[in-house]
Amino acid sequence: MAGLTWLPFLASSLLMMVSLFQSSQAAGVAVYWGQNGDEGSLADTCASGNYQFVNLAFLTTFGGGNTPVLNLAGHCNPGAGTCTSLSVEINDCQNQNIKVLLSLGGAVGNQSLTSADDARQVANYLWNNFLGGQSRSRPLGHAVLDGIDFSIESGTGLYWDNLARALSGFSSQKKVYLSAAPQCPFPDADLSTAISTGLFDYVWIQFYNNGQCQYSTNADNLIAAWNQWTSVHSNQIFLGVPAAPAAADGGYIPPDALISQVLPSIKSSHKYAGVMIWNKYFDSGYSSAIKEQVAASSPSIAPGSGSPSSPAGPHSGRKKSKNLRVKLYVVGAAIATSLAALALLFWCCKLRKRKGNHRNFMGSEMPELDDNEDDESLFFSFTSIEIATDHFSEENKLGQGGFGPVYKGKLVNGLEVAVKRLNRMSGHGIEQFKNEVKVISKLQHRNLVRLLGSCIEKEERLLVYEYLPNNSLDSVLFGMCQNSIYLHSFI
């Protein structure tokens with residue numbers, strides 16, 4: 001008889017079921033780091049809890065036959081090899097689910113592409129030295145960055161689309177996230193052709209240093225420009241702002257004005273994904289002041305008013321947080337009750353199986369569980385799941401649990417599924433994993449998300465569930481209560 005080692009795994013599965021009812025992705029804050037030695041370490045930046053994206057700024061020189069130059073100001077000296085020490089900090093950031101990208105551009109240096117072939121050569125250099133490839137001289141050591149940011153403000157504007165296509169081509173080996181930081185005048189003179197490829201996962205627009213589309217005494221020009229930018233081929237658009245008046249030549253938005261005047265308007269777009277901040281050195285409390293409102297749902301609009309309701313009072317955020325904690329406690333208690341009931345249920349079923357007493361189970365006969373049986377029908381290939389989830393793209397990410405992220409996918413037969421990608425440190429052996437999959441796949445009930453199968457290839461452990469559309473938390477709680485009653489009826 002198997003031990004109770006499957007309980008943590010089962011708990012993860014139940015939590016995943018709850019996460020399927022939540023929204024696919026909350027808005028976040030991106031920041032540029034690397035242009036001032038006094039801005040604090042990369043590790044401290046990520047540990048602040050204020051950011052979901054960090055752009056390492058900048059690779060200032062590349063292309064046109066130039067030797068690439070990484071400029072991280074006073075943090076390290078790439079020529080002396082001291083930037084390899086950042087590898088540990090980059091990994092720490094990524095372990096906190098923060099994406100770390102290398103930003104191309106900057107105010108100094110030479111960034112130019114002379115041909116499509118030149119663009120491919122730059123893409124190969126970036127892949128081998130900063131992304132998933134291999135090189136003897138990786139400036140940041142063994143760390144593998146999540147992607148490349150295009151912050152191009154000079155040159156001819158040519159061949160950046162070729163660079164984007166070449167980098168995107170490497171996603172067949174490991175997902176390469178692409179972001180762009182165009183100026184707010186629409187369209188951008190340097191990056192419009194590249195952005196029109198539709199390959200950019202994130203577009204954070206610089207609504208500063210440009211009087212015609214930045215915030216001044218009001219947000220009218222900014223919002224008009226924002227509405228133009230939402231037409232580009234990217235589903236995640238960020239509002240780029242300076243973190244302090246001294247950070248840019250105009251365009252600073254005080255936190256209270258951002259929250260009351262700007263966010264209510266731009267959140268009406270389904271492409272709104274958050275705020276980008278320039279830069280970490282000037283961020284002395286700005287991100288802390290806005291992050292909760294950046295991630296919060298759009299404010300309600302009074303019927304017939306035509307404008308967002310007044311901003312909430314200073315204590316409303318605390319009340320919402322308290323209510324959320326209470327709901328989470330209730331969900332946790334329901335899950336704990338279900339786990340206890342399931343443990344007894346499996347114990348009872350095992351005893352009945354030994355006696356040969358196969359009773360009707362959840363509306364159908366309980367199948368015989370042969371410990372030596374390898375039910376290949378429950379297993380998917382990694383390639384099929386990778387295709388179904390678009391290479392585990394950020395757009396398909398439904399949420400993050402204690403045992404790994406969950407992605408929405410669509411199989412070749414059109415069936416929508418939810419894929420849980422277990423962390424490689426979750427400690428499941430292959431045989432243990434297979435046995436747990438067999439047991440859980442037998443559970444069928446209207447209030448349980450059905451497990452369709454799994455994948456075991458190399459170090460990958462994936463679970464494939466039926467996909468259920470989002471619903472409200474009260475529905476989850478009602479389902480949990482029904483589950484508890486249902487499970488206790490077998491004890």
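Everything discussed here concerns the structure shown above.
Everything numeric in this text was worked out from a predicted model, so none of it was measured.

Brief notes about the environment of valine 241
Along the chain, valine 241 turns up in strand β8 (residues 237-242). Residue class for valine 241 comes out buried when judged on its relative accessible area of 0%. As for valine 241 and isoleucine 253, which are separated by 12 residues in sequence, their C-alpha atoms are 7.2 Å apart. Dropping the residues within four chain positions of it, valine 241 is found in contact with Tyr208, Ile253, Val275, Met276, Ile277, Trp278 and Tyr286.

As for the nonpolar core
Leu56, Leu102, Leu140, Phe150, Leu163, Leu167 and Leu239 are the most contacted members of the largest nonpolar core, which totals 77 residues. Ranked by residues supplied to this core, first place goes to helix α4 (residues 116-130) with 6 residues. Judged by nonpolar contacts, the second largest core, of 17 residues, contains Ala30, Ala57, Leu101 and Trp204.

Some remarks on the sheet that holds strand β15 (residues 451-457)
The 5 strands lie next to each other as β12-β13-β14-β16-β15, forming an open sheet whose pairing is antiparallel. At either margin of the open sheet sits one strand with a lone partner, and together these are β12 (397-401) and β15. In this sheet, neighbouring strand axes are inclined to one another by 25 degrees on average, regardless of whether the strands run parallel or antiparallel.

Examining the packing of aromatic side chains
One pass over the full model with this rule turns up 22 aromatic pairs. Ring plane angle 10 degrees and centroid distance 5.7 Å describe the contact between tyrosine 202 and tryptophan 204, whose orientation is recorded as stacked. When its relative accessible area of 0% is taken as the criterion, tyrosine 202 is described as buried. Between tyrosine 202 and phenylalanine 238, the ring centres sit 6.2 Å apart and the planes meet at 85 degrees, which makes this aromatic pair edge-to-face. With tyrosine 202 in strand β7 (residues 202-206) and phenylalanine 238 in strand β8, the pair connects residues that are 36 residues apart, well separated along the chain. Like tyrosine 202, the residue phenylalanine 238 is buried in the burial classification. Ring-pair connections join several aromatic residues into one group, and the members of that group are Phe53, Tyr177, Tyr202, Trp204 and Phe238.

The rules behind each value
Sequence positions are assigned chain by chain, starting from 1 and proceeding in written order. Local features in a predicted model are, by the rule used here, given only for residues with pLDDT of at least 70; side-chain atom pairs are given and counted only at 80 or more, and totals for whole chains, interfaces and linings are based on all residues. Remark: hydrogens and water are excluded; side-chain values derive from all non-hydrogen atoms of the structure. A run of DSSP states H or I qualifies as a helix once it reaches four residues; a run of E qualifies as a strand once it reaches two. Both are numbered from the N-terminal end. Partly exposed describes any residue whose relative accessible area lies between the buried limit of under 20% and the exposed limit of over 50%, with all areas from a 1.4 Å probe on protein chains only and scaled to the type maximum. Between two residues, a contact is recorded if the distance between any of their heavy atoms is within 4.5 Å. For this analysis, a nonpolar core means a set of buried residues of the types Ala, Val, Leu, Ile, Met, Phe, Trp, Tyr and Cys, connected via side-chain atoms within 4.5 Å. By definition, two strands form a pair when at least two bridges between them are found by DSSP. Every axis in this analysis is a line fitted to C-alpha atoms, fitted for helices over the stretch in contact. Angles between the N-to-C directions lie between 0 and 180 degrees. Between the rings of Phe, Tyr and Trp (Trp by its six-membered ring), a pair exists once the centres lie within 6.5 Å; its type follows the angle of the planes, with under 30 degrees stacked, over 60 edge-to-face, and the other angles tilted.

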